[in-house]
Amino acid sequence: MLRHLALGAVAVLAASAGVGALAPSAGAATTVGISVDAGTSLGTVPGSGVGLNTGFGDEHMGDAKVTSLMKAAGVRQLRYPGGSGADDYHWKTHTSGDGKGWIPSNTDFDHFMATAKTVGAQPILTANYGSGTPQEAADWVKYANVDKGYGVKYWEIGNEVYGNGHYGDGKGWELDKHADKSPTAYANNLIAYAKAMKAVDPKVKIGAVLTTPGYWPDKEKAPGDSADWNNTVLSIAGSSIDFVIVHWYPGGTTTADLLNTPSRIAGVTSSLRSLIAKYAGSHAASVEIAVTETDTVFSPALTSQAAALFAPDTYMSWFEHGATHVDWWNLHNGTDQAPTTVNGETDYQDGGVLSAGTCAGGKCQPPRDTPFPTYWGIRSLTALAQPGDTMVKSSSGDSSVAVHAVRSSNGGLNVMLINKSPQNAAQVSLSYAGFTPAAGAVTTVSYAKEGTALTTAERGTAVAQTLPPYSITTLQLKPASKTAGADKPSPAPTPTAATPVVSASGTTGTRAQAEKGAPVGHPSPSPSPSSTSGGLASTGMSDAATYSAVGGLLAVAAGGMLALRGRRRKALHRK
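Throughout, a residue's number is its position along its own chain's written sequence, starting from 1. Only residues with pLDDT of at least 70 are given local features in this predicted model, and only at 80 or more are side-chain atom pairs given and counted; all residues enter the totals for whole chains, interfaces and linings. Excluding hydrogens and water, the side-chain figures rest on all heavy atoms present in the structure.

Description of the side chain of T54
Working definition: helices are DSSP H or I runs of at least four residues, strands are E runs of at least two. Numbering for both runs from the N terminus. Within the secondary structure layout, T54 lies in the loop between β2 (50–53) and α2 (64–72). We call two N or O atoms a polar contact when they sit within 3.5 Å, provided that within protein one can donate a hydrogen and the other can accept it, with sequence-adjacent residues counted only if both atoms are side-chain atoms. From its side chain, T54 meets the backbone oxygen of R79 in a polar contact 2.7 Å long. Those residues in contact with T54 that lie beyond four places of it in its chain are M61, L78, R79, Y80, P81, G82, F112, N330 and L331. Residues are treated as being in contact if the distance between any of their heavy atoms lies within 4.5 Å.

Brief notes about the sheet that holds strand β6 (residues 122–127)
By definition, the strands of a sheet pair up through backbone hydrogen bonds, in either a parallel or an antiparallel sense. If you walk around this closed barrel you meet the 8 strands as β2-β3-β6-β7-β8-β9-β10-β11, and the pairing is parallel. For this sheet, the mean angle separating the axes of adjacent strands, direction not counted, is 25°. Whether two strands pair comes down to DSSP finding at least two bridges between them. Here strand β7 (residues 154–157) runs beside strand β8 (residues 205–209); their pairing, made up of 3 bridges, is parallel. Among the inter-strand pairings, Y154 is bridged to a residue of β8, identified as K205. Working convention: axes come from line fits to C-alpha atoms, limited for helices to the stretch in contact. Angles between N-to-C directions cover 0 to 180 degrees. Sheet strands touched by helix α5 (residues 183–200): β6, β7 and β8. Its angle to β8, the strand with the most contacts, is close to 165°.

Details of the environment of Y279
Looking at the element boundaries, Y279 is found in helix α8 (residues 265–279). For Y279, a relative accessible area of 22% gives the class partly exposed. Separated by 40 residues in the primary sequence, Y279 and S239 have C-alpha atoms spaced 7.2 Å apart. Excluding its chain neighbours within four sequence positions, the residues that come into contact with Y279 are N231, L234, S235, G238 and S239. A simple rule labels every residue: compare its accessible area, found with a 1.4 Å probe on the protein chains alone, to the largest value its type can have, and call it buried under 20%, exposed over 50%, or partly exposed in between.

Notes on the packing of aromatic side chains
For Phe, Tyr and Trp, where Trp contributes only its six-membered ring, two rings pair if their centres lie within 6.5 Å, and the inter-plane angle classes them as stacked under 30 degrees, edge-to-face over 60, or tilted in between. For the structure on display, the rule yields 25 aromatic pairs. Each ring, one from W91 and one from Y143, has its centre 5.4 Å from the other, and the planes form 35°; the classification is tilted. Separated by 52 residues along the polypeptide, W91 in the loop between β4 (89–90) and β5 (95–96) and Y143 in helix α4 (residues 134–147) bring together distant segments of the chain. Aromatic pair Y315 and W328: ring centres 6.5 Å apart, planes at 15°, arrangement stacked.

Overview of the state of the cysteines
Any two cysteine sulfur atoms within 2.5 Å of one another count as a disulfide. Following the criterion strictly, the structure yields 1 disulfide and no others. One disulfide in the model links C359 with C364; its S-S distance is 1.8 Å. The sign of the 100° torsion about the S-S bond sets the C359-C364 disulfide as right-handed. What makes C364 partly exposed here is its relative accessible area of 43%.

Quick word on the pattern of salt bridges
For salt bridges, the criterion is a side-chain nitrogen of Lys or Arg within 4 Å of an Asp or Glu carboxyl oxygen. Evaluated as defined, the whole model comprises 7 salt bridges. With a closest N to O distance of 2.9 Å, D139 and K92 form a salt bridge. Highlighted residues: D139 in helix α4 and K92 in the loop between β4 and β5, separated in sequence by 47 residues. K92 sits in the exposed class, given a relative accessible area of 55%. A salt bridge links K205 to E288, with the nearest nitrogen and oxygen atoms 2.8 Å apart. You can see K205 sitting in strand β8 and its partner E288 sitting in strand β10 (residues 288–294), a full 83 residues away along the chain. On the accessibility criterion, E288 (11% relative accessible area) is buried.

Looking at α5
Look at α5: 26 Å from first C-alpha to last across 18 residues, which is about the 26 Å you get at 1.5 Å a residue. Turning to α5, its buried residues are P183, A185, Y186, A187, L190, I191, Y193, A194 and M197. At its buried positions, α5 is contacted by β6, α4, β7, β8 and α6 (229–237). To estimate how far a helix should reach, multiply one less than its number of residues by 1.5 Å.

In structure tokens:
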């Protein structure tokens, strides 16, 4: 996606509206009840579920330190070649647009694949729909899977193609050189891409770009349309695809709003499943849901603790509701926005999980590749689950504490507790069904505010814990000896009716529209251990603030620093 370039409004929000209480006032001692039903399965943790976006403008994605950090965080999927930049990237020549812009030589496809191999991550590639052809995509499949034997399985056809100007004022943010920019044209072209690519390798999986249910331009119809984007695309191409693609940028006026957004994921996935069942025919059950971009943009927090709490809650909520891939934006991103203060912490307003080492507003980020709190939020998932583990049912008696639980392959039970209150510790009382934990102190792995690493300690018991403010705490429970051979969890009952998607207030779910000034639908009123960080150098440029497209990234020269910013955009209103 295009990263928003001039978001003074966001900076104001971040400075003035950053908190928003989720917990009782300071000093309150309410106990939150947590229930874990270890006998009811929500499915298995997907093998390549935890993903990150990478861009062909990121010359440091293959650095040894960077790949080591990704591997340690359990990253198992890397998306390439970028967000909106993918729709103007030509893989054979490693060029973007007219080919005159500078692109690092060490970020071509083969270098990317070497990075993915080092990390141990599956690639997911976005074929150029905006300025490419089915033949160009088929040639890429041949090179990747026949000539080189890379075995690339997942292929998206375009990035946010619905942002091509078909809706709104006709300008859009996504490059699309097709004369016909309608969903009907995209669906028919999608079929042509799928046929050409599968003729080369029948094993590849083809993904269709959909609008996120409940977020603009979902349900919109342009003049001449008989149906909205999703119904049109799937009615034509539903039998030709293997997965659907949505992007999840829920945003929020306050950090409290942001941290409540994972509760909407159930409705979004239910709506997607209903559409897939309606149009995909006999193979509907095998059509996957991929969330190939997400982060906390259009909320006050991008790098501070609230964003760290949002990350594992969002990944796990999507997995529990059936998504097979969730890719965070971004590995490195950079920003031209001055840092803000959010809940007492510096927030660098950067969408990357690792610092770009840039400066804005006279203030500089930590040295390049220093992990931001969002990195540690994602890395917290390694304490909770491994691919193939079984997610089980859990619930919290108060929205100020989120919970996710996983039965591990060794017979144990891991429970992640997220305290969303920036001020107050949370007392929690836990109860279990289908699992009897061993008595005594338990091993916890936690990440707290201003932390620079995950901390492992013996703390509390399986039935009572005190959670620090704004923290992630994972209990790693062993079974009582007499229950070590307990039965495996059984699947949760299938819902009999779809959960309705509630249209969200505030900002929309895609990143670029504000940059382009596109109309964004109909807003509804808003309710009142040791650190692995380290330093690297920056690249100098002129003092003037200039912007130039650099193959899917933007070079932002300000104060003599080069900031790499992903080409992503986001609307100002949600539907």
